[in-house]
Amino acid sequence: MALEPDRSRRMRRLRASEQLRSLVRETKLDISKLVAPIFVRYGSNVIEPVESMPGISRYSVDTVGKYASSLADLGISSVLLFGIPKNKDRTGTQAYAADGVVPRAVKTIKDYASSTTVITDVCLCEYTDHGHCGVLSGKSVDNDRTLPLLAKASLAYAEAGADIVAPSAMMDHQVMAIRSALDSHGNNDTAIMGYSAKYSSAFYGPFRSAAGSKPSFGDRKGYQMDVANKREAMKEIELDILEGADIVMVKPALPYLDIISEARNRFDTPIAAYNVSGEYSMIKAAGKAGCVDEDTAMIEVLTSIKRAGADIIITYHAAEAARLLSSGAD
Ligand code: PBG
């Protein structure tokens, strides 16, 4: 329907009150679609603030259950776990150890907050001494030697009770390798959320200092996507769906809203967007500097991600957003 100039048309009519604005509001954030990332670390009785991410802490296995249940009380019923092991080695052994921090945290969270959906990140970078996402052959990450290790890690998490495993290593065929390992061990009901379109981004900086996962040499450009590419993202997503991903992801979120939107138009699979550490810390820093109102900026960013087409938003703002949304803010 083409708009014609018409002096009687006044767009401001429906903006006159909060009630009217709310009546015609097109996008509404839903607390149940927010996922809170959690850093789980070795040790006991630890709640250790992450310096690069104000408001976020690392939890030891014995403190994480209580934290997950406090999130559940706020309405945050999904969490995404990242492990920080005591010892790192060449092949990331602790990523797939059955008694590693993540499998133990999964069990504890299920004890404390039984209806919380537990998603586990599947990658080697937090567990390798070189900080790359897979095993090395010389100076490069060996795709096919990494696959069985990602599969083994997924299996350890699934057997501990994880509902969803989320491979983030950006190895080719990782979803297929994981699906087949899960199925051949009877874990047919464990879902896979693929980090399908994961870009090689500057916005992972605070996460890498939180998890101690900065590569010791080189960068991740040989496996994560080039920031300039959109068609390639569609291909990555399509391949993950074909390999068996139940949910696909675009990451980061804010600089990639066009990718989320295009993916929404093309695919019917649920889409998650990861509002990453750098996006979070930027708002915190700008708020602290008095440049923006933190709460308003946060809701604006999360709304933009939803408006672009994300079904699920993974965000470090989850708890504060839930508090704000249930107090009536929008
Ligand atoms: C592991 C992984 C990373 C993030 C999620 N999974 C780090 C990376 O790829 O370097 C980043 C999340 C964030 O920045 O919040 N590969």
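The preceding data block contains the structure.
Nothing here was measured: the structure is a model prediction, and the numbers come from that model.

S.K.: Would you mind going over the overall build of the chain with me for this structure?
M.R.: Across its full length, the chain holds eleven helices and twelve strands. On C-alpha atoms alone, the chain measures out to a radius of gyration of 20 Å, which is about the 20 Å that the 2.2 N^0.38 rule sets for 330 residues. The C-alpha extent of the chain, read off along each of the three principal axes, is 70 × 45 × 40 Å. Expressed as a percentage of the 330 residues in the chain, the buried residues total 55%.

S.K.: Would you mind going over the site of the ligand with me for this structure?
M.R.: The ligand sits among 18 residues. The nearest are Lys198, Arg208, Lys251, Ser277 and Tyr316. Between an oxygen atom of the ligand and a side-chain N or O atom of lysine 198, the distance comes to 2.8 Å. One nitrogen or oxygen atom from the side chain of arginine 208 is found 2.6 Å from an oxygen atom belonging to the ligand. The class makeup of the residues in the shell around the ligand is ten nonpolar, three polar and five charged.

S.K.: Any chance you could explain the pattern of salt bridges here in plain terms?
M.R.: It is possible for side chains of opposite charge to pair when their charged atoms get near one another. Scanning all chains against the criterion turns up twelve salt bridges. The shortest N-O distance in the salt bridge between arginine 41 and glutamate 48 comes to 2.9 Å. Taking relative accessible area as the criterion, arginine 41 reaches 12% and is therefore assigned buried. One salt bridge in this structure joins arginine 266 and glutamate 262, with 3.0 Å as the shortest N-O distance. Of this pair, arginine 266 and glutamate 262 both sit in helix H8 (residues 257-266), four residues apart, which is roughly one turn of that helix. Accessibility expressed as a relative area gives 23% for glutamate 262, which makes it partly exposed. Put simply, Glu18, Arg21 and Arg25 are held in one network by salt bridges that share partners.

S.K.: Looking at this model, I keep getting lost on unusual backbone geometry. Mind explaining?
M.R.: The general pattern is negative phi for most residues beyond glycine and trans for most peptide bonds. Residue lysine 251 is joined to proline 252 through a cis peptide bond whose omega torsion reads -10 degrees. Of note, proline 252 is situated in the loop between strand S10 (247-251) and H8. Positive phi is not limited to glycine here, since methionine 170 has a value of about 60 degrees. With respect to the element layout, methionine 170 can be found in the loop between strand S8 (164-167) and helix H5 (174-184). Positive phi, close to 70 degrees, is recorded for histidine 173, a residue that is not glycine. Mapping histidine 173 onto the fold places it in the loop between S8 and H5.

S.K.: Can you walk me through helix H10 (residues 294-308) in this structure?
M.R.: End to end, H10 covers 21 Å across 15 residues, agreeing with the expected 21 Å (1.5 Å per residue, within 8%). Turning to H10, its buried residues number three or more, namely Ala297, Met298, Ile299, Val301, Leu302, Thr303, Ser304, Ile305 and Ala308. Tucked into the core, H10 has its buried residues touching H8, strand S11 (271-275), helix H9 (277-288), strand S12 (312-315) and helix H11 (318-326).

S.K.: Is there a simple way to explain the state of the cysteines in this structure?
M.R.: Disulfides are covalent bonds that link the sulfur atoms of two cysteine residues. Applying the stated rule across the entire model yields zero disulfides. Cysteine 133 forms no disulfide, and the closest cysteine sulfur to it belongs to cysteine 123, at a distance of 3.6 Å. Since its relative accessible area comes to 1%, cysteine 133 is described here as buried.

S.K.: What am I meant to see in the packing of aromatic side chains here?
M.R.: Here the structure, examined in full by the defined rule, presents nine aromatic pairs. When the centroid spacing of 6.0 Å and the interplanar angle of 35 degrees are considered together, the rings of phenylalanine 39 and phenylalanine 82 count as tilted. Here phenylalanine 39, found in strand S1 (residues 34-41), pairs with phenylalanine 82, found in strand S4 (residues 78-84); they are 43 residues apart in sequence, far enough to count as distant. Look at phenylalanine 39 and you get buried, because its relative accessible area is 1%.

S.K.: How do you make sense of the pairing of strand S3 (residues 57-60) when you look at a structure like this?
M.R.: Consecutive residues of a regular strand have side chains that alternate between opposite faces of the sheet. Residues Ser57 and Tyr59 line one face of S3 and the alternating positions Arg58 and Ser60 line the opposite face, and both faces are buried. One ladder, built from three bridges, connects S1 with S3; its direction is parallel. Considered in S3, the bridge of phenylalanine 39 is made with arginine 58. The sheet contact formed by strand S2 (residues 47-49) and S3 spans three bridges and is antiparallel. Note on S3: the bridge partner recorded for isoleucine 47 is tyrosine 59.

S.K.: Which parts of the structure should I look at to understand the pairing of strand S5 (residues 117-122)?
M.R.: Counted residue by residue, S5 has five buried out of six residues, so it is predominantly covered. As judged from the four bridges shared by S4 and S5, these two strands associate in the parallel manner. The residue of S5 that forms the bridge with leucine 80 is isoleucine 119. What joins S4 to S5 is helix H3 (residues 101-112), and the crossover it makes is right-handed. Where S5 meets S8, four bridges bridge the pair, whose relative direction is parallel. From the neighbouring strand, valine 122 faces S8, where its bridge partner is proline 167.

About the thresholds
Residues numbered from 1 in each chain as written. Predicted model: local features only at pLDDT ≥ 70, side-chain atom pairs only at ≥ 80, totals over all residues. Heavy atoms only, no water. Helix = DSSP H or I, 4+ residues; strand = E, 2+ residues; numbered from the N terminus. Rg over C-alpha atoms; globule rule 2.2 N^0.38 Å. Buried < 20%, exposed > 50% of the residue type's maximum accessible area, 1.4 Å probe, protein only. Near = heavy atom within 4 Å. Polar contact = N/O pair within 3.5 Å; in protein donor to acceptor, adjacent residues only side chain to side chain. Nonpolar A, V, L, I, M, F, W, Y, C, P; charged D, E, K, R; others polar. Salt bridge = Lys/Arg side-chain N within 4 Å of Asp/Glu carboxyl O. Expected span 1.5 Å × (residues − 1). Contact = heavy atoms within 4.5 Å. Disulfide = S-S within 2.5 Å. Phe/Tyr/Trp six-rings, centres within 6.5 Å; stacked < 30°, edge-to-face > 60°. Pairing = 2+ DSSP bridges. Right-handed = clockwise from strand over helix to strand, strands pointing away.

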